[in-house]
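The chain contents come next:
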Amino acid sequence: MSPNTPQPPWLEKDEQDAWRDYLRASRMLEAVLDNELQVHGLQLSEYEIISVLSDAPGLRLRMSEIAEAVVQSRSRLTHTAGRLEKRGWVHREACVGDRRGVELVLTDAGLAEIARMAPTHARSVRNNLVSHLSREDFLALGRSMAAVSRGIEGTGACEEVREAEKLSLSLSPGRARRRD
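The rules behind these values
- Residues numbered from 1 in each chain as written.
- Predicted model: local features only at pLDDT ≥ 70, side-chain atom pairs only at ≥ 80, totals over all residues.
- Heavy atoms only, no water.
- Patch = residues over 30% accessible without salt bridge, like charges linked within 9 Å, V, L, I, M, F, W, Y side chains within 5 Å.
- Areas by Shrake-Rupley, 256 points an atom, 1.4 Å probe, with all protein chains shown as cover.
- Salt bridge = Lys/Arg side-chain N within 4 Å of Asp/Glu carboxyl O.
- Helix = DSSP H or I, 4+ residues; strand = E, 2+ residues; numbered from the N terminus.
- Buried < 20%, exposed > 50% of the residue type's maximum accessible area, 1.4 Å probe, protein only.
- Pairing = 2+ DSSP bridges.
- Axes fitted to C-alpha atoms, helices over the stretch in contact; angles between N-to-C directions.
- Parallel < 35°, antiparallel > 145°, perpendicular 65-115°, else oblique.
- Left-handed = near helix turned anticlockwise from the far one by under 90°.
- Contact = heavy atoms within 4.5 Å.
- Nonpolar A, V, L, I, M, F, W, Y, C, P; charged D, E, K, R; others polar.

Draft legend 1. Up close: a nonpolar patch on the surface. On the surface, L11, W19, Y22, L133, L141, M145, V148 and I152 cluster together to form a nonpolar patch covering roughly 660 Å² of accessible area. Elements with a contribution of two residues or more to the nonpolar patch: α1 (13–37) and α6 (135–155). With four residues, the top contributor of residues to the nonpolar patch is α6. As for its placement among the helices and strands, L133 is situated in the loop between α5 (108–128) and α6. L133 gets classed as partly exposed once you look at its relative accessible area, which sits at 32%.

Structure (structure tokens):
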């Protein structure tokens, strides 16, 4: 940073406290949600993918759309989808109308598994998040996080991260690149 570059403003004490509370709680929440799905032999990131598919028209979505929805790199999603495929919960198909793209499709077995696991996940979300907030605060949290998401997406920062991941993958020796 050059001496002429203005310094970013520091967070006020109450802002810093709120930021740290957010970081701690969000990490704790993700850890406990993940841990409670372990009884089903599943990670939260895997559950999130089959949950998104269970809500999608025709139980299918392009891999790139899923990656964006669950905020995973395409590479990570490809690996996670592979684990779900081995269980028989999803399979991949070429996109109709665009053979270069790949769709992930939830199988009947996957749909049955999401129905079996959903009560555990819903109970965990309710016990570890919803029950600690008033309804108004919970809905305000949702609106706030949606505003943060829109703000970050509007800066293009997420696209910069995706481009850096692509570059990193293309420079990694021995890694084949696919278009998802």
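Draft legend 2. Layout of the pairing of strand β2 (residues 90–95). Note: β2 against strand β3 (residues 98–106), six bridges, orientation antiparallel. Among the inter-strand pairings, C95 is bridged to a residue of β3, identified as D98.

Draft legend 3. How the structure looks around the packing of α1 against α5. Put simply, α1 and α5 touch, their axes get as near as 10 Å, and they point 150 degrees apart. Comparing the axis directions of α1 and α5 gives the class roughly antiparallel. In this structure, α1 meets α5 at a crossing whose hand is right-handed. Where α1 abuts α5, its residues L29, V32, L33, E36 and L37 lie against T120, H121, S124, V125 and N128. The residue makeup of the contact of α1 with α5, split by class, is five nonpolar, four polar and one charged.

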